[in-house]
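Observations on the three-dimensional arrangement
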Amino acid sequence: MNAFLYGVALQWKLDLRNKGILLSYYIVPLVFFAFMGGILSSINPQAKDNLIQSMTVFGISMGAILGAPVSLVELYGSEIKKAYKVGGIPLWIAVINNFIAAFVHLFIMSLLIYFIAPLAFGAKTPNNLALYFLALGIFIIVNLLVGTALGLLIKSPSKLTMVSQFIFLPSIMLAGIMFPVSLLPKFLENLGKIFPATWGFKLMNSDVFDAKIIIPLAVIMLISIVISGYQLSKISLE
Amino acid sequence: MNVAIQIDHLIKSYGTNTVVKDISFTVKHGEIFALLGTNGAGKTTILECIEGLRKYDNGHIKINGKIGVQLQSSSLPANIKAIEAYKLFCKWNKAQENELFNVFDLEPLKNKQYKDMSTGQKRRLHLALALIGNPDIIFLDEPTAGLDVEGRISLHSQIRKLKEQGKTIIMASHDMAEVESLSDRVAILKDGKIAFIGTTAELTNNVGTKYRIFIKTKNPLQNAVFEQGYWVFTAENISNTLYELLKTCKQTKNTVLDVKIERATLEQLFMDIAKEEK
């Protein structure tokens, strides 16, 4: 196995050993799914139509915004980066490893929701399976890019928790996954449009590919890439 | 070429604070060269400039050979196992996973996670990582800091073995005893400048042979430092100083209870240089 693949596989294993990351990638999203899946499908049978999408959006947002940046802050905010630098390991590689490992974790978590929801709560599966998984992939990537930018911007774990929550909570409350956005005041409905969760939820519920939904996600993705690239170049020059 | 590292007029500042002030020195192939100094003297900054971890403001650094670095403060992901870290570093350096892991007695620790390792075990792991790829020049920054006696002895023995293999070692330390037992040449740093450079023998000659006279008396003595029940005098001429001291005691009817004479250690000489002009 070459160095790059070994690093990705190793990061995936390290994530599984990290209780904090395990909680945000699997345990909390799946426990939330188990509780809310039961509650939502009982009080509103229509919720079964997009239960898979709503619980998946919650899980991915949590994992990517609250979990994925933790490993980056651990590395770039500590002496580990020096050890990597003198050990001949490129500093950017940790970002790539973390991204790919987190993608696999969040995809597995999403698959668990996809397969369990119909059996446990009678949830409806998406009509266009290919489009759903394409949307799922895009949504995971955009969220992980936001998480990566956070992990590179913020140096201390306590600040990261605060900022991540500041993004995660409104994402969930304003995306329409808990209740229709039409119930929200116009201001909050518009505010929700700056978070990827709103667009990800729409994309995963679409039966046809809609470029209008992709554009805001592409903008968020681009901004995150620019921030991450700038931060990485700064770290390398330090 | 006999020169492993050549430093010319190195200057490094942090903001307005210049911590390395126009330093020049060379390190020869196969020698153990020590940078000595009190905390804040600039040892780690100089090493990090040579290692490429820090940019410097002026000067020139030339390195003839592949380098391996053990940092003063270093870390690895908390959950990584020793063997995983070793394999990761080997793969990125395109190095064979050879007997290094066993040389540093890491085999029993291979499945131990980094967060569960003792300071000594971490130091051994980082030293093994520094030697991956068979470097010619090895940087050791405070290699035994935080180690117990057993750990220090073990690490010293490993450093000597590296020298026997022909490796060049440049180490930073504030432990004179360690430097005295390991190094061929020493540079003593003081306020970002080299206050002395040479062998330990030259250091002794440079400063002069000093003796410490310990006297235990019934009543206090003047112009002396009190250490562990003795009045301590530093002297270059034992007979004159001792004669004067005993004469004073006799004249003042101060009973002498005990007398000891010690040759000043290299550590005391280092402290003398470090304290000069302060």
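Residues numbered from 1 in each chain as written. Chains lettered and ligands numbered in written order. Predicted model: local features only at pLDDT ≥ 70, side-chain atom pairs only at ≥ 80, totals over all residues. Heavy atoms only, no water.

Observations regarding the overall build of chain A
A count of helical and extended segments in chain A gives 10 helices and 0 strands. In chain A, the succession of helices and strands from N to C terminus is α-α-α-α-α-α-α-α-α-α. Dimensions of chain A along its principal axes, counting C-alpha atoms only, are 60 × 35 × 30 Å. Expressed as a percentage of its 238 residues, the buried residues of chain A come to 52%. Long-range pairs, those at least 24 residues apart, make up 77% of the contacts in chain A with a sequence separation of at least 6. Here chain A has roughly 10600 Å² of accessible surface; of this, 75% comes from carbon and sulfur atoms. Separation between the mean location of the 15 positive side-chain charges and that of the 8 negative ones in chain A comes to 5 Å. (Helix = DSSP H or I, 4+ residues; strand = E, 2+ residues; numbered from the N terminus. Buried < 20%, exposed > 50% of the residue type's maximum accessible area, 1.4 Å probe, protein only. Contact = heavy atoms within 4.5 Å. Areas by Shrake-Rupley, 256 points an atom, 1.4 Å probe, with all protein chains shown as cover. Lys, Arg positive; Asp, Glu negative; His and termini not counted. Charge placed at Lys NZ, Arg CZ, Asp CG, Glu CD.)

Looking at the confidence of the model for chain B
Low-pLDDT stretches of the model should not have their predicted coordinates read in fine detail. Residue and element names in this part refer to chain B. Per-residue confidence for chain B averages 86 on the pLDDT scale, and 93% of its residues sit at or above 70. For chain B, the element scoring lowest by mean pLDDT is helix H9 (residues 266–275), at 68; strand E4 (residues 58–63) scores highest, at 94. Here the predicted complex scores 0.80 on pTM and 0.84 on ipTM. (pLDDT = per-residue confidence, 0-100.)

Re a nonpolar patch on the surface
Residue and element names in this part refer to chain A. Together, Trp 92, Ile 96, Ile 100, Val 104, Ile 108, Leu 112, Phe 115 and Ile 116 make up a nonpolar patch on the protein surface, roughly 640 Å² of accessible area in all. Looking at where Ile 116 falls in the secondary structure, it is placed in helix H5 (residues 92–121). Judged by its relative accessible area of 37%, Ile 116 is partly exposed. (Patch = residues over 30% accessible without salt bridge, like charges linked within 9 Å, V, L, I, M, F, W, Y side chains within 5 Å. Salt bridge = Lys/Arg side-chain N within 4 Å of Asp/Glu carboxyl O.)

Comments concerning the interface of chain A and chain B
Contacts between the two partners involve 25 residues from chain A, matched on the other side by 24 residues from chain B. Carbon and sulfur atoms make up 65% of the surface buried where chain A meets chain B, a total of about 2300 Å² over both sides. Put simply, chain A and chain B have 3 salt bridges between them. The shortest N-O distance in the salt bridge between A:Lys82 and B:Glu48 comes to 2.9 Å. Here chain A is connected to chain B by 4 residue pairs in polar contact (both at pLDDT 80 or more). For the side of chain A that touches chain B, the secondary-structure elements that each account for two or more residues are helix H1 (3–17) and helix H4 (80–86) of chain A. It is H1(A) that provides the largest number of residues to the side of chain A that touches chain B, a total of 8 residues. Within the side of chain A that touches chain B, the residues separate by chemical class into 14 nonpolar, 5 polar and 6 charged. (Buried area = accessible area lost by both parts, 1.4 Å probe. Polar contact = N/O pair within 3.5 Å; in protein donor to acceptor, adjacent residues only side chain to side chain. Nonpolar A, V, L, I, M, F, W, Y, C, P; charged D, E, K, R; others polar.)

Things to note about the domain arrangement of chain B
With domains assigned, chain B is organised as domain 1 (3–205) and domain 2 (207–277). Each of domain 1 of chain B and domain 2 of chain B was reduced to a C-alpha centroid, and the two centroids are 37 Å apart. (Domains from an automatic or database assignment.)

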